[in-house]
Amino acid sequence: MTKKAAGKKAGKAKKYVYFFGSGKADGNRNMKDLLGGKGAGLAEMTNAGLPVPPGFTISTEVCNIYYQEKQEIPAAIDREIDVQIKKLEKAAGATLGSTDNPLLVSVRSGAKFSMPGMMDTILNLGLNDAAVEGLKRRTTNGRFAFDSYRRFIQMFGNVVLEIPKDVFEHEFDAVKKATGARLDTDLDEKALRDVVTRYKGVVQKKTGKSFPQDPREQLKMARDAVFRSWMNARAIEYRRIYDIPDHIGTAVNVQMMVFGNSGDRSATGVGFTRNPATGAKEFYGEFLINAQGEDVVSGVRTPQPIRELEQVLPKAYKQLREITTRLEKHYKDMQDFEFTIQDERLFMLQTRSGKRTGFAAVVVATDLVAEKLITPKDAVLLVDPESLNQLLAPGFDQDEWKKIPAITRGLPASPGAASGQAVFSADHAVEWVNQGKQVILVRRETVPDDIHGMFVAQGILTATGGMTSHAAVVGRQMGKPSVVGAGELEISESAKQVRVKGQTIKEGDFISFDGLSGEVKLGRVASKPSEILQVVNGTLDPKKSELYRRFNQLLTWSDKFRRMGIRANADLPDQAELAYAFGARGIGLCRTEHMFFGEGRIPIVQKMILADNEKDRRKALDELLPMQRQDFYGVFKAMHGEAVTIRTIDPPLHEFLPKREDLMVDIARLEATGKSGRDLNEKKTLLARVEQLHEFNPMLGHRGVRLGITYPEITEMQTRAIIEAACQLAKEGVKVVPEIMIPLVGLVKELRDQKAIVNRVAGETMKANGVKIKYLVGTMIEVPRGAMTADQIAEEAEFFSFGTNDLTQLTFGFSRDDVGKFLRIYQEKKILDRDPFASIDTEGVGAVVRTGVQLGRKTRPDLKIGVCGEHGGDPSSIHFFENVGLDYVSASPYRVPVARLAAAQAALAVKVGD
Ligand code: PEP
Ligand code: MG
C-alpha cells in the first residue's frame, strides 16, 4: 500500500484506531485479528461495564503498514491517533504533559496469539520535566513521581533508544552508593532527582540528543518500538516454535496508567479463575503490594498468594472475585487476568483464556461441561490436541523417588518428571542437547531470551519467581516440567554451580524434580509410565483414575463428532494392543519388515538376502513364514476384527545386513591376527554381497514394489503368512479382513504384477485351508506418478493409503534422511514456515494428495482412502485430510488420542465452514 492509499483509507473508510473507555468500546472480543488478544479483551471488558482504565488500540494492520512503508506511519493514521488521544484525555480527566494533572499511559504490544514477554512494553509514558512536577502535585508524593520518571526514562531508553540496561543500572548504583542506600526503596526524592538527571545525561551521551520531552513524540517513538519488537529475534523464535505466522502483526494498546505502586493501599497482581497447572476449581494467582506491572511476572520479587489479598484489601478482593467469576461465565472458559489496585480502587487490565497444562485442559473442559457452562462439543473444541501428550508423559517411579531425600522444594509450576544434567545457561542447554545429553535448565529466573534453552531442556528449575513468572508460564505452555521459586538455591550462573544447604551442584551433575510436587532431588531417577498409560496397559484400574475418566470422556465425546476413522501404525501385536486401548479402530500400516528384526530372525533374513539362487532364497523364506504368520495372527487378534492393513516388504535389503565399514574392520582384524577359516570367509561373502547391494541413493533405489517384482517369492511368502493367519482366526470364529498393501507404486503395471501374485497365493492358501475369507489388495500412494495416474491405479487398487513421508520426499525432492542439514536455515529464511515432514505442505504435497483422491474416486467412487505417513498424527495435517475427504488417518499408537481429538475438531471446523 502506498502512503497516499493508506492515508486515504485511514481518513475515510478505514478505521485503524479503536477506543475503549467510559463503559463503551469501538471493538469487541471477536476482533482479535485486528485488535490482538489484549485489545479485544479490553474492549469486551469495557463493554461489559468492568472497571477498565480507558485507552485505545492501534490495529495490527498498522503494524503491517509500518513494515510496508519502510518503518513509517502514514500521516493520516497519526491524525487518527491524535483524535483518540483527545478522547482519552477527556475520559481520563487528565492531559498529556500537564503540570497539574498529567495523563500517563502504558504502551503495550498485543498480537492475536499471546506471546508472553516476547515483545516490548513501556510504562509511565507522558512524563517529562514539567509533568513529573504535576504528578508530584497531584499525588503529593514527590518520591513516587520521581521514581516513576526514572523508571520511564530507563524503560524508554532501553526499549526505544536501545541503550543497554546496565548503563542505567550503573548510574542507579552510583547514587545508591553515594547516599548509602541499601535497597532501591531507600532512595528519597532528592536522590531520585539525581538519578533522573544522570539518566538524562546517559540518553544525551548515547544518542546525541536530549531525552524527548514532548509526550506525543514519546508516544510515536514507543509505538514504533513496539512494532519493531514484533521482529526481534526472540519473538521470531517464539513464533517459529508455536507456528504463529509472521504476517499477522501486533496491535499496540495505549492505556491510561493506574498505579499499583502508589502506596500500601495499592497492589498489582495476576491470576486465574482455576488452577492452570491442575485444573482444580480454585481462585488462583498472586499479587504484590505497592508494586508496578511487570514486577509480578518478571519474577524479581516473589509475590504473595492471592488469598492473602482478602486480609490486606478485602473490598477490592471481593470485587475481584465477583468480576472474575462473571468473566469466566461470559467467556465460557478459564480466564487469566491482570489487575491493579490504586488506593483501594480495583482496575482490570486484562482478561483472556488462560494458558494451561494438558492436565488442566482436560480437567477444566470436563468440569465446565459438568457445570453446564459449555456443551460437550465446546469441550472438544477447547482442548489443544497436542496438549494431550502431557498426560501420556512419564512420571517418576515413586518407589525410587521416595528413596532420595529432597534437597529443596519450589513451586510446582508445570507437572511432569524431569531428570537430567544441570546446565546454567540456555546456550549450554542447546549445546549439550546437541551432544545427545538430557539437561535441566537451572536459572535464577528465566527471561524471554532463554526460550531456546527451555525448549530443549527436560525441565526448568528457577530460584525466584512465582507461579505466573516467565518460567512458569512458558514451562506450562511447552508442557515442560517446571519448578520455580526454589528460594534456597543459591545459583551462580557465572561459576556454573548452585549451592543449597551446604551442598554444591556443578554443571553436569544429575538432578531430578517433580513438577507436580515441587520437590528437587540430587541424582538421576527412573521414570514411570503416566497414569493414563497405566490404565491403558491394564496395570491400573480405570475406576481408580479420575484423570483417565476425564481423558476418556473427552475422547468419547470427540468420537461422536468426528467423521474420519482413526487407525494406528503398528507392526507388532503389543503395539497393536496399545493402539486399540488408546482408541484406534484398525491398523493403517503394519510395516512387515520390522518383524524381520525380531529375535533370532536377522540371520534368516540375511540368509534370504545372501542366497544367489531362487531355491536357497525360498528355503530361507520358508523359515521366516511361520514367524510372520504368528505375528500377523497376533496383530489381527489385538485389533478385535477391525481392519488391518499389512504392507509387503519396503526397505532396501542392505538395511538388514551389517554396515560395510564394520565388516571391513572385522575382516582386517581377523586377517591381522592370522586367523582364517569359516568366520573370515563368511564375512568376506557378506562384504561382497553388501557391496553388490550398495546403492548411491537407497531411498530412490531397490525398495518397495521393486523388491516384490524382482523377488516375487517374498510377496508370495508374505501373502501366504497373512492369509494363513486369517484362515486360522476364521476357524477360531474371529473375522478378519486383511488389507494387503503394495508400497511405492508409481505404475499401474507394478500393482497388476503384484496383485496377480497375491490373488494366486491367497487362492491356493484358502483352498489348502478349506476356508474362504475376504481380503483386499490396495496400494500406497507415495510416488507422485502414482497420484497423477491414480485413475489407472484405482482400476487395480481396492484401497489407497497415502504415504505422505515418501510423497513429501519425492514431491519436494528433499531426502528424508538429509533434510535436517538445511531445513532449519530454510525456516530461518522463511522459505519454509514448517517442517513439511511433520506437518503437511498443503499447497504442494497437498495438491498431489487432492489430485490422487479425485482421480482415484473417478474410477472407483467408493474407494477407501486413508493416510499412514507421520502426518496422520499431526493436528493441522488432520484438518487438511478432513477437507480432502479421506476416510481415515493412521497414527503411531501414542498419537492416537491426539488424532481422535484433532479429527473431531477438524470435522466440526468443516461443518462450521460450510
Ligand atoms: C510413507 O512413506 O509415508 C510411509 C508411511 O512409509 P515409510 O515411512 O515406511 O516409507
Ligand atoms: Mg513410504
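What comes next is a walk through the structure. (Residues numbered from 1 in each chain as written. Chains lettered and ligands numbered in written order. Predicted model: local features only at pLDDT ≥ 70, side-chain atom pairs only at ≥ 80, totals over all residues. Heavy atoms only, no water.)

All right, on to the overall build of the chain then. Across its full length, the chain holds 38 helices and 34 strands. The C-alpha atoms of the chain give a radius of gyration of 32 Å, which matches the 29 Å a tight globule of 914 residues would have. Seen through its C-alpha atoms, the chain measures out along the principal axes to roughly 100 × 70 × 55 Å. Relative to its full complement of 914 residues, the chain shows a buried share of 56%. Accessible surface, the chain: about 38,400 Å² in total, of which carbon and sulfur atoms supply 50%. (Helix = DSSP H or I, 4+ residues; strand = E, 2+ residues; numbered from the N terminus. Rg over C-alpha atoms; globule rule 2.2 N^0.38 Å. Buried < 20%, exposed > 50% of the residue type's maximum accessible area, 1.4 Å probe, protein only. Areas by Shrake-Rupley, 256 points an atom, 1.4 Å probe, with all protein chains shown as cover.)

Attention shifts here to the coordination of the magnesium ion (ligand 2). Geometry sets the ideal angles at a metal, namely 109.5 degrees for four tetrahedral donors and 90 or 180 degrees for six octahedral donors. Looking at the magnesium ion (ligand 2), one finds its protein donor set to be Glu 782 (OE) and Asp 806 (OD), positioned 2.0 to 2.1 Å from the metal centre. Here Glu 782, found in the loop between β31 (776-781) and α32 (784-788), pairs with Asp 806, found in helix α34 (residues 804-812); they are 24 residues apart in sequence, far enough to count as distant. For Glu 782, a relative accessible area of 2% puts it in the buried group. Classification of Asp 806 by relative accessible area gives buried; the value is 3%. (Donors = N, O, S within 2.8 Å, 3.2 Å for Na, K, Ca; no water.)

Here helix α26 (residues 614-638) crosses helix α30 (residues 712-731) at 35 degrees, and the two axes come no closer than 8 Å. α30 is crossed by α26, and the crossing has right-handed handedness. Looking at the contact of α26 with α30, its residues break down into 13 nonpolar, 3 polar and 9 charged. (Axes fitted to C-alpha atoms, helices over the stretch in contact; angles between N-to-C directions. Left-handed = near helix turned anticlockwise from the far one by under 90°. Nonpolar A, V, L, I, M, F, W, Y, C, P; charged D, E, K, R; others polar.)

Further remarks concern the pattern of salt bridges. Within the structure shown, the criterion is met by 65 salt bridges. Where Lys 112 meets Asp 33, a salt bridge forms, and the shortest distance between an N and an O atom there is 2.8 Å. With Lys 112 in the loop between β6 (105-111) and β7 (121-125) and Asp 33 in helix α2 (residues 32-47), this pair connects stretches of sequence that are 79 residues apart. For Asp 559, the salt bridge is made with Arg 562, and the minimal N-O distance between the two is 3.0 Å. Classification of Asp 559 by relative accessible area gives partly exposed; the value is 28%. When salt bridges with common partners are traced through the structure, they connect Glu 593, Arg 647, Asp 650, Arg 703, Asp 806 and Arg 816 into a single cluster. (Salt bridge = Lys/Arg side-chain N within 4 Å of Asp/Glu carboxyl O.)

A few words on α2. Taking 1.5 Å per residue, 16 residues should reach 22 Å; α2 reaches only 15 Å between its end C-alpha atoms and comes up short. The sharpest bend along α2 comes to roughly 80 degrees, located at Lys 38. Along α2, 12 of the 16 residues are buried, which leaves the element largely enclosed by surrounding structure. Restricting attention to buried positions, one finds in α2 the residues Leu 35, Gly 36, Gly 37, Lys 38, Gly 39, Ala 40, Gly 41, Leu 42, Ala 43, Glu 44, Met 45 and Thr 46. Positive backbone phi, at 80 degrees, marks Gly 49, one or two positions downstream of α2. (Expected span 1.5 Å × (residues − 1). Bend = angle between axes of the 7 residues up to and from the residue.)

For the rest of this paragraph, the subject is the site of ligand 1. Close to ligand 1 lie 14 residues, the nearest being Arg 591, Glu 782, Gly 803, Asn 805 and Arg 816. In this structure, Arg 591 approaches ligand 1 through a side-chain N or O atom, which is 2.8 Å from an oxygen atom. Contact between ligand 1 and Arg 647: an oxygen atom at 3.0 Å from a side-chain N or O atom of the residue. When the free accessible area of ligand 1 is taken as 290 Å², the share hidden by the protein chains comes to 96%. The leading source of residues in the shell around ligand 1 is α34, at 3 residues. In terms of residue class, the shell around ligand 1 is made up of 3 nonpolar, 4 polar and 7 charged. (Near = heavy atom within 4 Å. Polar contact = N/O pair within 3.5 Å; in protein donor to acceptor, adjacent residues only side chain to side chain.)

Attention now moves to the sheet that holds strand β8 (residues 250-256). Pairing is antiparallel in the open sheet, where 6 strands are placed in the order β2-β1-β3-β8-β6-β7. Two strands close off the open sheet at either side, each with one partner strand: β2 (24-25) and β7. Pairing analysis gives 7 bridges linking β6 to β8, with the strands arranged antiparallel. Considered in β8, the bridge of Arg 108 is made with Asn 253. The strands that helix α9 (residues 215-229) touches are β3 (55-58), β6, β7 and β8; relative to β8, the one it contacts most, it runs at about 145 degrees. (Pairing = 2+ DSSP bridges. Contact = heavy atoms within 4.5 Å.)

A disulfide bridge is the covalent bond that connects two cysteines by way of their sulfur atoms. Counted under the stated rule, the structure contains 0 disulfides. Looking at Cys 590, it has no disulfide partner, and the nearest cysteine sulfur is the one in Cys 868, 11 Å off. Residue class for Cys 590 comes out buried when judged on its relative accessible area of 0%. (Disulfide = S-S within 2.5 Å.)

Moving on, we get to the packing of helix α3 (residues 60-68) against α9. Two quantities define a packed helix pair, namely the angle between the axes and the distance from one axis to the other. At their nearest, the axes of α3 and α9 sit 10 Å apart, and the two run at 85 degrees to each other. When the axes of α3 and α9 are compared, the pair comes out roughly perpendicular. In this structure, α3 uses Val 62, Cys 63, Tyr 66 and Tyr 67 to contact α9, whose residues at the interface are Asp 224, Phe 227 and Arg 228. Taken together, the residues that form the contact of α3 with α9 break down as 5 nonpolar, no polar and 2 charged. (Parallel < 35°, antiparallel > 145°, perpendicular 65-115°, else oblique.)

Moving on: the side chain of Asn 275. Positionally, Asn 275 belongs in the loop between β9 (267-272) and β10 (284-289). With a relative accessible area of 8%, Asn 275 lands in the buried category. Separated by 2.8 Å, the side chains of Asn 275 and Glu 282 make a polar contact. If we ignore the near neighbours within four places in the chain, the residues touching Asn 275 are Ala 280, Glu 282, Tyr 284 and Ala 360.

With that settled, the discussion passes to the nonpolar core. Membership of the largest hydrophobic core comes to 129 residues, with the highest contact counts inside it found for Leu 388, Ile 532, Leu 554, Phe 636, Phe 800, Phe 802 and Leu 886. What Leu 388 contacts, discounting residues up to four positions off in sequence, is Val 362, Val 383, Phe 551, Leu 554, Leu 555, Pro 897, Val 898 and Leu 901. With 88 residues, the next largest nonpolar core counts Phe 19, Phe 144, Met 478 and Val 484 among its residues. (Core = buried A, V, L, I, M, F, W, Y, C linked by side-chain atoms within 4.5 Å.)

Turning next to the packing of aromatic side chains. Scanning the model with the defined rule gives 21 aromatic pairs in all. Geometrically, the ring pair formed by Phe 144 and Phe 259 is edge-to-face, given 5.0 Å between the ring centres and 85 degrees between the ring planes. Taken together, the positions of Phe 144 in helix α6 (residues 142-159) and Phe 259 in the loop between β8 and β9 put the pair 115 residues apart, joining distant regions of the chain. Residue Phe 144 is classed as buried on the basis of its relative accessible area, which comes to 6%. Centroid distance Phe 168 to Tyr 199: 4.9 Å. Interplanar angle 75 degrees. Geometry classified as edge-to-face. Here Phe 168, found in helix α7 (residues 165-179), pairs with Tyr 199, found in helix α8 (residues 189-207); they are 31 residues apart in sequence, far enough to count as distant. The pair Phe 168 / Tyr 199 is uniform in exposure class, with both members buried. Each residue in the set Tyr 149, Phe 152, Phe 156 and Phe 211 is aromatic and connected to the rest through ring pairs, giving one cluster. Of note, Arg 321 hangs over the ring of Phe 283, and the distance from its end group to the ring centre comes to 4.4 Å. (Phe/Tyr/Trp six-rings, centres within 6.5 Å; stacked < 30°, edge-to-face > 60°. Lys NZ or Arg CZ within 6 Å of the ring centre and 35° of its normal.)

Below, the discussion takes up unusual backbone geometry. One non-glycine residue with positive phi stands out, namely Glu 344, at about 75 degrees. Mapped onto the secondary structure, Glu 344 falls in the loop between β12 (335-342) and β13 (345-353). The class for Glu 344 is partly exposed, based on a relative accessible area of 37%. The backbone of Lys 501 sits at a positive phi, close to 45 degrees, despite the residue not being glycine. With respect to the helices, strands and loops of the structure, Lys 501 is situated in the loop between β22 (497-500) and β23 (503-506). Assessed through its relative accessible area of 58%, Lys 501 is described here as exposed.

As a further point, take the environment of Leu 349. Its location among the elements puts Leu 349 in strand β13. Classification of Leu 349 by relative accessible area gives buried; the value is 12%. Each C-alpha atom of the pair Leu 349 and Arg 549 lies 37 Å from the other, and the pair is 200 residues apart in sequence. The residues contacting Leu 349, other than those within four sequence positions of it, are Leu 42, Met 45, Pro 53, Gln 255, Val 258, Glu 338, Phe 339 and Thr 340.

Attention now moves to the sheet that holds strand β17 (residues 417-423). The mixed open sheet is built from 8 strands, whose spatial order is β15-β25-β24-β17-β18-β19-β20-β16. Where the open sheet ends on each side, the last strands, each with one partner, are β15 (406-409) and β16 (411-414). Between one strand axis and the next, the sheet turns through 30 degrees on average, direction left out of account. Examined bridge by bridge, β15 and strand β25 (residues 519-522) share 3 bridges and lie antiparallel to one another. Within the sheet, the bridge partner assigned to Thr 408 lies in β25 and is Val 520. Seen against the sheet, helix α18 (residues 426-434) touches β17 and β18 (439-443) and runs at an angle of roughly 175 degrees to β18.

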